Amino acid sequence: LAKTTQPISMDSYEGQEVNITCSHNNIATNDYITWYQQFPSQGPRFIIQGYKTKVTNEVASLFIPADRKSSTLSLPRVSLSDTAVYYCLVGATGSNYQLIWGAGTKLIIKP
Amino acid sequence: SQTIHQWPATLVQPVGSPLSLECTVEGTSNPNLYWYRQAAGRGLQLLFYSVGIGQISSEVPQNLSASRPQDRQFILSSKKLLLSDSGFYLCAWSEGLSEGYTFGSGTRLTVV
């Protein structure tokens, strides 16, 4: 099971683009990369998932280099409501239940 | 649309008392169901998962048990709570083991 490494915390300001990088040096061929967002006293919420190159949806983009040993979650023009903990997880299809959740990255957006 | 309900939101229980947390899912059939626990400032720890009625897999041996009496109902129980059982308990469901999770709102349990 791949282990991920993320910064413990990050600060940014409203309107800025925020990039959170996750390292997963031991990622396996059939592993996907998934990001979740968690607000205090709530369950995590799925943000985005990818396998390689770039994935974009209405809330974020996920950049994955060719070697897939890292990934970057990009949040465009953040607002105060984006203050949350962001988790990066890697896991194989068919085995999401085995995902290892680290402590995540606590993102604080300032006015 | 699918919804997941988890209750209660908060619970304070004395050491040695029993526990029953309930989770129900609506709008889907035969979901995969999960119980997670989260300690303060930490990531989630998978406790149990179920792929069908009566099918329970335990990931971490401990003072807790789980049951799935109906297709969309998942229950987390304990006969005697320990102080170390305190934490934030989350129920989740997914379409399949490879799909992303949808989490409930969580139960904050404090054992005193």
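Refer to the structure presented above.
This text gives an overview of the structure that appears in the document.

About the cut-offs
- Residues numbered from 1 in each chain as written.
- Chains lettered and ligands numbered in written order.
- Predicted model: local features only at pLDDT ≥ 70, side-chain atom pairs only at ≥ 80, totals over all residues.
- Heavy atoms only, no water.
- Helix = DSSP H or I, 4+ residues; strand = E, 2+ residues; numbered from the N terminus.
- Buried < 20%, exposed > 50% of the residue type's maximum accessible area, 1.4 Å probe, protein only.
- Contact = heavy atoms within 4.5 Å.
- Phe/Tyr/Trp six-rings, centres within 6.5 Å; stacked < 30°, edge-to-face > 60°.
- Lys NZ or Arg CZ within 6 Å of the ring centre and 35° of its normal.

1. Here's the deal with the environment of Ser41(A)
Phase 1 of the analysis: In this fold, Ser41(A) is placed in the loop between β3 (31-38) and β4 (45-50).
Phase 2 of the analysis: Residue Ser41(A) is classed as partly exposed on the basis of its relative accessible area of 48%.
Phase 3 of the analysis: Setting aside chain neighbours within four positions, we find Ser41(A) in contact with Phe88(B), Ser105(B) and Arg108(B).

2. Here's the deal with the packing of aromatic side chains
Phase 1 of the analysis: Tallied over the full model, the rule gives 16 aromatic pairs over all chains.
Phase 2 of the analysis: Aromatic pair Tyr34(B) and Tyr101(B): ring centres 4.8 Å apart, planes at 90°, arrangement edge-to-face. Taken together, the residues Tyr34(B) in strand β4 (residues 32-38) and Tyr101(B) in the loop between β9 (87-94) and β10 (102-103) connect sequence positions 67 residues apart.
Phase 3 of the analysis: The class for Tyr34(B) is buried, based on a relative accessible area of 0%.
Phase 4 of the analysis: The buried category is assigned to Tyr101(B), whose relative accessible area is 2%.
Phase 5 of the analysis: The side chain of Arg68(A) reaches across the aromatic face of Tyr51(A), ending 3.9 Å from its centre.

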